[in-house]
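Here's the letter readout for the chains.
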Amino acid sequence: MHIQTEFCQRKMQCTLTARTWIDYIEFMGLPIVHHPHYNAELATGHRFPIGKFRRLAEILLEEGLAGPAGFHQPDVSKPDRITLAHDKTYVDQVLTGQLPIKITKDIGFPVDESLVLRALCASGGTVLAAELALESGISCNTAGGGHHARQHQGAGFCVFNDVAIAIRVLQQQGKIERALVVDCDVHQGDGTADIFFNDPSVFTFSIHADKNYPTRKRPSDLDIGLADGTGDADYLLELRNKLPLLMRNHRPDLVIFNGGVDPHHDDHLGRLRLTDHGLQARDRFVIELARSNAVPIACVVGGGYSRDMETLARRHAGLYRVAATFA
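Along each chain, residues carry numbers from 1 onward, in the same order as the chain's sequence is written. Only residues with pLDDT of 70 or above have their local features reported here, since the model is predicted, and side-chain atom pairs are shown and tallied only from 80 upward, although totals for entire chains, interfaces and linings are computed over all residues. The side-chain quantities take in all heavy atoms of the structure and omit both hydrogens and water.

Side note on the packing of aromatic side chains
Point 1. Pairing of aromatic rings covers Phe, Tyr and the six-membered ring of Trp, with a centre-to-centre limit of 6.5 Å; geometry is then stacked below 30 degrees between planes, edge-to-face above 60, and tilted otherwise. Under the definition given, this model contains 6 aromatic pairs.
Point 2. Judged by centre distance (5.8 Å) and plane angle (45°), the rings of Phe 48 and Phe 109 are tilted. Taken together, the positions of Phe 48 in the loop between strand 2 (32-33) and helix 3 (52-62) and Phe 109 in the loop between helix 6 (101-107) and helix 7 (113-136) put the pair 61 residues apart, joining distant regions of the chain.
Point 3. Among the residues examined, Phe 48 registers a relative accessible area of 8% and is labelled buried.
Point 4. The exposure class assigned to Phe 109 is buried, which follows from its relative accessible area of 4%.
Point 5. With 6.2 Å between their ring centres and 45° between their planes, Phe 157 and Tyr 305 make a pair best called tilted. The secondary structure listing takes helices from DSSP runs of H or I that are at least 4 residues long and strands from runs of E that are at least 2 residues long, numbered from the N terminus. With a 1.4 Å probe rolled over the protein chains alone, any residue whose accessible area is under 20% of its type maximum counts as buried; one over 50% counts as exposed, and the rest are partly exposed.

Shown next, in the form of structure tokens:
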């Protein structure tokens, strides 16, 4: 289902310099998933920049990346889908507002009604993005990447692990058998590794800052922990040396790519030194590798914590600009 927002009308009134580029995007149509409830209320100054999701959607519409029909809107995930990846007791605690204080502290913000709704919509969004990727080859969600949410609890600003939920839903429906998770967020994907531990049908790959959160890391199938200050060249070399072999050996039916921008050198919670150019080269390499192997790829937004909201949202938009060239 598509939605139109006030931003769609604003987009149609914009004067864009690269008209041929916009014509190309609107004709080809990159499927992008978004829901208004990706935005929720947090205390002013909270480290989790929740306003970036609304601004990112505005930018994608202003640039024509969402296409003339607007975004695909996901359904709110039902509990029976969430429990494919998470323990039922934890899910019930979230949905009834009875989370233990310790888990709430681990998550990092109060899990109130609006943030529960956001988590359910984001999970539904990644499920829909994965389904659209199977149909069209590539798609993007403007939320997602909750990779610290483990089987039994959330953590690190992640209530539910939308990537794990999407994979389990598609496996249950018989749409895929094998998946590859390419997690390029600056923080190690411990929750995803926990959920798929000892599951040969899902290969978890995480490239991250080794000394960053989480302190205790749950081993992925392959982890690349980088030293503080690693820049574009060394980062991209690691990707180019490892990912093609994983693609050949695992033979996935679907890739889910966490394209977090927190490896950027000015990110508040990162420890690496990637540039805008380096992030763009990373995104292009991952997406091109999947598409050249005829493997559908669904992209999720991942982390990004720069204090300047406008700069941060535009940095996230880089993933969608790259993805659109493969639509």
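Overview of helix 5 (residues 88-95)
Point 1. Here helix 5 has its buried residues at Tyr 90, Val 91 and Val 94. The buried residues of helix 5 occupy an angular sector of 100° when projected down its axis, which confines them to one face.
Point 2. We call two residues in contact whenever any of their non-hydrogen atoms come within 4.5 Å of each other. In this structure, the buried residues of helix 5 make contact with helix 4 (79-82), helix 6 and helix 7.
Point 3. Whenever two N or O atoms come within 3.5 Å, that pair is a polar contact, provided that in protein one can donate a hydrogen and the other can accept it, and provided that, for residues adjacent in sequence, both atoms are side-chain atoms. If you check the start of helix 5, you find a side-chain oxygen 3.1 Å away from the backbone N of Thr 89, and it comes from Asp 87.
Point 4. The first or second residue beyond helix 5 is Gly 97, which carries a positive phi of 70°. Throughout, the arc means that of the directions going from the helix axis to the C-beta atoms.

Some details on the packing of helix 11 (residues 276-292) against helix 12 (residues 309-324)
Point 1. Here the axes come from fitting lines to C-alpha atoms, over the contacting stretch only for helices, and the angles between their N-to-C directions go from 0 to 180 degrees. Relative orientation of the contacting elements helix 11 and helix 12 amounts to 35°, with a least axis distance of 9 Å. Viewed along their axes, helix 11 and helix 12 form a crossing whose handedness is right-handed. Contact residues: Asp 276, Leu 279, Gln 280, Asp 283, Arg 284 and Ile 287 in helix 11; Arg 315, Gly 318, Leu 319, Val 322 and Ala 323 in helix 12.
Point 2. Only Asp, Glu, Lys and Arg are considered charged, only Ala, Val, Leu, Ile, Met, Phe, Trp, Tyr, Cys and Pro nonpolar, and every remaining residue, Gly among them, polar. Its residues placed into classes, the contact of helix 11 with helix 12 shows 5 nonpolar, 2 polar and 4 charged. Left-handed describes a crossing whose near helix is turned anticlockwise from the far helix through less than a right angle; right-handed describes the clockwise counterpart.

Structural notes on the pattern of salt bridges
Point 1. Note on definitions: salt bridges are taken to be side-chain nitrogens of Lys or Arg within 4 Å of carboxyl oxygens of Asp or Glu. Across all of its chains, the model carries 17 salt bridges by this definition.
Point 2. Of the charged contacts in the structure, one is a salt bridge between Lys 102 and Asp 106, with a shortest N-O distance of 3.0 Å. You can see Lys 102 and its partner Asp 106 sitting in helix 6, 4 residues apart, about one turn around the helix.
Point 3. Judged by its relative accessible area of 27%, Asp 106 is partly exposed.
Point 4. Shared partners join several salt bridges into a network, and the residues in it are Arg 55, Glu 58, Glu 62, Glu 63, Glu 310, Arg 314 and Arg 321.

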